[in-house]
Amino acid sequence: MLTDLLGQKVTIHFVDGTSSRDGVLETVDEKFIKYRTEYQLLYIPITSIRAVALETKERERPRVGFG
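Residues numbered from 1 in each chain as written. Predicted model: local features only at pLDDT ≥ 70, side-chain atom pairs only at ≥ 80, totals over all residues. Heavy atoms only, no water.

*Asks:* Give me the lowdown on the overall build of the protein, citing residues and values where you can.
*Replies:* Helices and strands together make up the secondary structure of the protein, namely zero helices and five strands. For the protein, the spread of C-alpha atoms along the three principal axes comes to 55 × 25 × 25 Å. Residue burial in the protein is summarised as follows: out of 67 residues, 21% are buried. Contacts in the protein between residues far apart in sequence, at least 24 positions, make up 33% of those at least 6 positions apart. (Helix = DSSP H or I, 4+ residues; strand = E, 2+ residues; numbered from the N terminus. Buried < 20%, exposed > 50% of the residue type's maximum accessible area, 1.4 Å probe, protein only. Contact = heavy atoms within 4.5 Å.)

*Asks:* Run through the environment of Thr 56, naming residues and quoting values.
*Replies:* Position of Thr 56 among the secondary structure elements: in the segment after β5 (49-54). A C-alpha to C-alpha distance of 24 Å links Thr 56 and Asp 29, two positions 27 residues apart in sequence.

*Asks:* Go over the pattern of salt bridges, please, and point to the residues and values.
*Replies:* Taken as a whole, this structure holds two salt bridges when the rule is applied. Between Glu 26 and Lys 34 there is a salt bridge, with the nearest N and O atoms lying 3.6 Å from each other. Residue classification places Glu 26 among the partly exposed residues on the basis of a relative accessible area of 30%. According to the relative accessible area criterion, Lys 34 is buried, its value standing at 19%. (Salt bridge = Lys/Arg side-chain N within 4 Å of Asp/Glu carboxyl O.)

The values are spatial; any link to function lies outside them.
Here it is as structure tokens:
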């Protein structure tokens, strides 16, 4: 399933509650994935990943002010 996301910008949510965002999923192995951000190249074990999220649409920002 993760091979379908290769080359796309994804957010990875980890088991401990942290996340890494705005990186590109480069390769997927049986035990590790290779994930590149602007600042880092990460080799992440599959067992530490809770979810992988693909942003398909920009979120609309709520309007602030008095109408």
